[in-house]
Amino acid sequence: MKALICPGLSSFAKHWGVASCFCRSGGFSFRTKSQVMLFIFILLSTRADSISSNPDINLINLLCVLFVSARVCVCVCAGAGGWSPLVSDRYQWLEVDLGERTKITAVATQGRYGSSDWLSSYLLMFSDSGHNWRQYRQEDSIGFFPGNSNADSVVQYKLQQPAVARFLRLLPLDWNPSGRIGLRLETYGCPYTSDVVSLRRGGGGLVYRLSPGTRRTSKEVVSLKFKTQRNSGTLLQAEGHEGSSLHLELQRGKLLLLWIYLLGPAVAHLSLMILLDDQHWHHVVLERRSTHLNLTVDKHTERVQLPLFVGEAHRSHFQNSFHGCIENLLYNGQNLIELAKHNDHRVTGNVTFSCGESVSVAVTFPGPQSFLQMPWATPTTFRTWNKAGLLATFSLQQGGVAWLHLSDSRLQLLIHQGDKEIFPGVFAGSDLSDGQWHSVDLTSKRGHITISVDEEEGGVAHATPSFPISTGEGQVFFGGKNGPECRNLFDGFQGCMRLLTLDDRPVDLIAVQQRLLGNYSQLQIDMCGIMDRCSPSRCEHGGRCSQSWTVFHCNCSDSGYDGATCHSSVYEQSCEAYKHNGNTSGHFYIDVDGSGPIGPQLVYCNMTGDTHTHTHTHTYTHTPTPHHLSAYCMIDIQSEHCEQELSYHCRKSRLLNTLEGSPFSWWLGGPGPGRVQTYWGGAQPGSQQCACGLQGDCVDPEHYCNCDADRMEWTEDSGLLTHKPSLPVRSLVLGDVQRPGSEAAYRVGPLLCRGDRNFWNAAFFDKETSYLHFPTFHGELSADISFLFKTTASFGVFLENLGIKDFIRIELSSSTQVIFSFDVGNGPLEVRVESSVPLNDNRWHRVRAERNVKEATLRLDDLPVATQEAPADGHFHLQLNSQLFIGGTASRQKGFRGCIRSLQLNGVTLDLEERAKITPGVRPGCPGHCSSYGSLCQNQGRCTERENGFHCDCSLSAFSGVFCQTEVSASFKSGTSVRYTFKEVYEVSRNSSALPSSIYSDATLRGENVSLSFRTSQSPALLLYVSSYYREYLALLINKHGDGKGVYKMLPGLKPAVATFTEILSSSSDSDDMDPDLARLGSQGFAGCLSVVHFNTISPLKAALLHPDSSPVSISGPLVQSSCGSAASANPYAAENTHHLSVSGACPAGVWCFGPWRNGNTTPNVVFPAGVIAVVIFVMVTGMAVAARFLYRRKETYRNQEVKGVKREDSQDFPFNSRADSQNVSGENPKEFFM
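My aim in this report is to walk through the structure given alongside it, one point at a time. Just so you know, these numbers come straight off a predicted model, no measurement behind them. (Residues numbered from 1 in each chain as written. Predicted model: local features only at pLDDT ≥ 70, side-chain atom pairs only at ≥ 80, totals over all residues. Heavy atoms only, no water.)

1. So, the overall build of the chain
- Helix and strand counts for the chain come out as 11 helices and 86 strands.
- In the chain, which comprises 1235 residues, the proportion classed as buried is 54%. (Helix = DSSP H or I, 4+ residues; strand = E, 2+ residues; numbered from the N terminus. Buried < 20%, exposed > 50% of the residue type's maximum accessible area, 1.4 Å probe, protein only.)

2. Some words on the pattern of salt bridges
- Summed over all chains, the structure comprises 28 salt bridges.
- In this structure, Asp97 and Arg166 form a salt bridge, with 2.7 Å as the shortest nitrogen-oxygen distance. Here Asp97, found in strand S7 (residues 94-110), pairs with Arg166, found in strand S11 (residues 155-175); they are 69 residues apart in sequence, far enough to count as distant.
- Taking relative accessible area as the criterion, Arg166 reaches 29% and is therefore assigned partly exposed.
- Here Lys917 makes a salt bridge to Glu914, at a shortest N to O gap of 3.0 Å.
- Accessibility expressed as a relative area gives 54% for Lys917, which makes it exposed. (Salt bridge = Lys/Arg side-chain N within 4 Å of Asp/Glu carboxyl O.)

3. Re the sheet that holds strand S61 (residues 829-834)
- Strand order in the open sheet made by the 6 strands is S56-S65-S58-S59-S60-S61, with antiparallel pairing throughout. A single partner strand is all that each edge strand has here, and the edge strands are strand S56 (772-774) and S61. Across the sheet, the mean angle separating the axes of adjacent strands is 15° when strand polarity is ignored.
- For strand S58 (residues 796-802) and strand S59 (residues 807-814), the ladder comprises 6 bridges, and the chain directions are antiparallel. Each residue of the ladder has a partner; that of Leu799, found in S59, is Ile810. (Pairing = 2+ DSSP bridges. Axes fitted to C-alpha atoms, helices over the stretch in contact; angles between N-to-C directions.)

4. Let's talk about the nonpolar core
- Leu655, Trp667, Trp680 and Phe950 are the most contacted members of the largest nonpolar core, which has 53 residues in total.
- The contact partners of Leu655, leaving out residues within four places of it in the chain, are Tyr648, Pro663, Phe664, Ser665, Trp680, Cys690, Cys705, Cys707, Asp708 and Asp717.
- In terms of nonpolar packing, the next biggest core, distinct from the first, is built from 39 residues, Leu772, Ile810, Leu812 and Leu880 among them. (Core = buried A, V, L, I, M, F, W, Y, C linked by side-chain atoms within 4.5 Å. Contact = heavy atoms within 4.5 Å.)

5. Considerations on the pairing of strand S69 (residues 942-946)
- Here S69 runs beside strand S70 (residues 949-953); their pairing, made up of 5 bridges, is antiparallel. Note that in S70 the partner of Glu945 across the bridge is Phe950.
- If you look at the hairpin formed by S69 and S70, you'll find 2 residues sitting between the two strands.

6. Digging into the environment of Glu357
- Within the element layout of this structure, Glu357 appears in the loop between strand S25 (347-350) and strand S26 (362-365).
- Along the primary structure Glu357 and Ser198 are separated by 159 residues, whereas in three dimensions their C-alpha atoms are 8.2 Å apart.
- Not counting the four nearest positions on each side in its chain, Glu357 is found in contact with Arg200, Thr228, Gln229, Gln279, His323, Gly324 and Cys325.

7. Concerning the sheet that holds strand S50 (residues 666-669)
- Sheet architecture is open: 3 strands sit in the order S51-S50-S53, paired in antiparallel fashion. Each end of this open sheet is capped by a strand with a single partner; those strands are strand S51 (675-677) and strand S53 (729-733). Within this sheet the neighbouring strands show an average axis-to-axis angle of 30°, counted without direction.
- Summarising the sheet, S50 and S51 pair through 3 bridges and their orientation is antiparallel. Across the sheet, Leu668 pairs through a bridge with Val676, a residue of S51.

8. Overview of the packing of aromatic side chains
- A complete count under the given rule lists 26 aromatic pairs for this structure.
- Between Phe126 and Tyr136 the ring centres are 6.1 Å apart and the planes differ by 80°, which places this aromatic pair in the edge-to-face class. Here the residue Phe126 occupies a position in strand S8 (residues 119-127), and Tyr136 occupies one in the loop between strand S9 (134-135) and strand S10 (144-146), the gap between them amounting to 10 residues.
- On the basis of an interplanar angle of 55° and a centroid distance of 5.0 Å, the ring pair of Phe787 and Phe798 is categorised as tilted. (Phe/Tyr/Trp six-rings, centres within 6.5 Å; stacked < 30°, edge-to-face > 60°.)

Here is the structure:
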């Protein structure tokens, strides 16, 4: 055999002082700069059928193990320069026995010397006994290790968590397709020492008693390792002071922590992990501090708060003792097992100082095609996560096939002959997909079938088919074998089996592994490869985790979050965000930190006018929970203004005393646990005063609070707290309430906050080379990024953060496409969203990207979400180490030109504006919001720009509200009327500043537009009447048939105009006064609802209801604002809500005919011809007289002009006549009729 230098030893020797290490046939030689501590000869063992007589490929070779300076170099020597099995397939392995348990920290591989043989990937497994192997996984997921790309280079991997084992096994997965499996192996580590005891159920245990007088410390730590095959048993029990006790026990393979009071209930409860009965070592650390416990199992830590109260009598009994091994049991650093070995009087018990656990060989079915073929045998126990799967298939002596399978987590037996089901099946057990071991017993005697699960605890099913059934001969297929001789109706089994029996004897699965018994494919023998993907749970925010053999699922219902891991909040972070989604005032859930730990809170958002307010009400009968208070503090920080009322009503109860003395009362406020505040509402922080002290009007000038006067009369100190760092109020301490005669009451109002500084936080990038940089983004397991952008460019990188190999990037790749790309070690992945409209339209667009251990998603505006699943069993830790670049890249290429706003990473908003102030090429803020949000302003509302946001100006709209969406309605009674007076043009121009600009508009319009909505059951009725200085008039009415009519009289020579909604006005004629029939109709009054009355730019009803003091209106009778119009359509401009006007052939001249209006809500829109009107009066009779304005011509034009009447024919549809009358026009007001 050729000499072989240990692979990778040159670097190892340089670091650890080893000059060289040669492996030779029949022995070894070495030279070292330090003393050799230990030499061991170990025989390599592999499959028996792989051994060859050829010395160049013989698998029995020598292994030299060299311990130097507490490190170990293992040189594997084989013929032809390395190990190469006779057959290259995935059923080969190389096993190394290190002689004793060793702490292994790294492995290195190299191809076979002078050949084209190397491994490109492999698995590592470890064992203490040579059985029950455990696969080593990186990041709890990655099972394989990348190998070599040639035969000469050395690839070394440091294990993230050192493995402690005696045996190491390497299993080839892939190798050079042009060669064979070839390997040189080196492992690194150090000796491992431990103290072990074996505990048996029913008698074994250790008891440790503290010495008398031992001081109790504020911190206690217990640590140990354990392994067991039993899924239940008390692992640790500790008695404390005041009757408290702590219990750590296994229940169904899960570790359960209970903190119990002798006089109270079990008040602390925590469960961790599962599958802890796998006969592998698990590390447990229990740390008690003054107010909480930390429990760590393997690498997962949970914290539980200790209670501070004692309740009713309660005692717990634990009778199920632990059966297994415990290693290195430490209490506050003391090794209790070592003390027991030395017979220390503080430690007593009956234990064995060794670990002699019996070993059962298991077999894993990792895939749906995995199968095991055996002579007749029965599965004794199995475990799985899948609710369905085929456990066994066997033939019957009478003909036919029987299937034993899982269906909805229950065991079922079906029998078929040909394609016909001859036995409908029998069910047994329930919830058999819980990952626990379940035993199965299938018997058939005299044609009677019995299936028993978990020794009858899980259920027994009996059946007697109508034909004889005999089992126990032929072959049995376990798993999902498919082929010409085997037709399966069910999915294959994925899980573990053990304790298979053949003729009532255990099946030797090692003989199966060596191909000496039965047949198999795609199995893992001598191990159970089940994984608990829900411990620790990757589901965030209380999402419920469930799993199958290969994946886990998160149920996010009722959590307030969504996504594959319940990471992203379904709620907005502020009222401002809801407002810009088009929402109006109401109760909303807001999640102030997005995907952070603070949960959503129900608040009231008041979005009327120019403000939008968070309202948080919490009573002070108890201290609010830290969860809620954290949310309040977050709102306080990101809001522009916050306030909270604090008042104290007192009678002989002092509050703050004097400036020099200690206050009687104080309150806690601000972030964290809060700070003591000694000022009261309306005063300044640190002043130790109340509002009256600041204003100098206290009832006693010698004191700074009214209550400090200590009088027998009731008085109060109240005001608003507005200092944001002191808010919210967390708790109150009232000190002077115990004296005889003292009485007091307090009030802590809701926390009111306005504005959202984060929502409008923006930066403008005016060059492709400009960027902002921030600290490294940490989103190892879950990362969500959201922002808004607007641009005129066609490409640009929004965000980029790099690592050594990993990266994350979001970019605009074209004018219609956004790409989210990243690499967590599995190779670059991309998620793309394509838009049907250009994204460089200088309008705001929203981007939301998320990456977690299951998938990556990308959302663009309201387009469907794009998803990219993560590779199965791949890397999932995102490791970044450079600065985070916003608006550009480290290479300063493909930078973004435009605006980025409200950039949030994992719920934290980056302050772009502050960083932009000190960065060349970037400007803080970004104007121009109406282009994106202007459409929110409805009903002729105008969008006006603001520095941070926009505002809907409703002054020219008949509607009100934050988006001009709220109807202005009023209920009218028979005696109600509203009069609106218009001034002449020259008067308007003289007094243009006297009234709001919305009342008057340009007087040169060529037409008039009237719109209104009404609801009534009355007919006939007069809705609207308009008269002018020149005795012209306009009337809208409902006739006795419920049809709408319009009647008018105008000056001659004016032509009819076409209405905006296709109504055609009839010709006009002269009239000298109001028609007596109209007057008679108006005298009957109107009862009903009128809303959104609009005449050109004038909203007379809105002016009368909202601005009666600043508008030229007069009201008689009761006029009450109401929401009577909201029950009908709120949008008078929608087609389905508009009553279209048309001219009927039966309608006489001077009359409009409309469709039926009764019992409905209609909105006629009419365009009137231009006329000469000096003063226009809308008389809203018994429901509403709508103010309207006609356009003017100069009065001088008509001074000497005569007005001719218009002759109207009588009509049965119009119950009164029209009289034409010519009169000279004067400047006096015509006779008006009010109702």
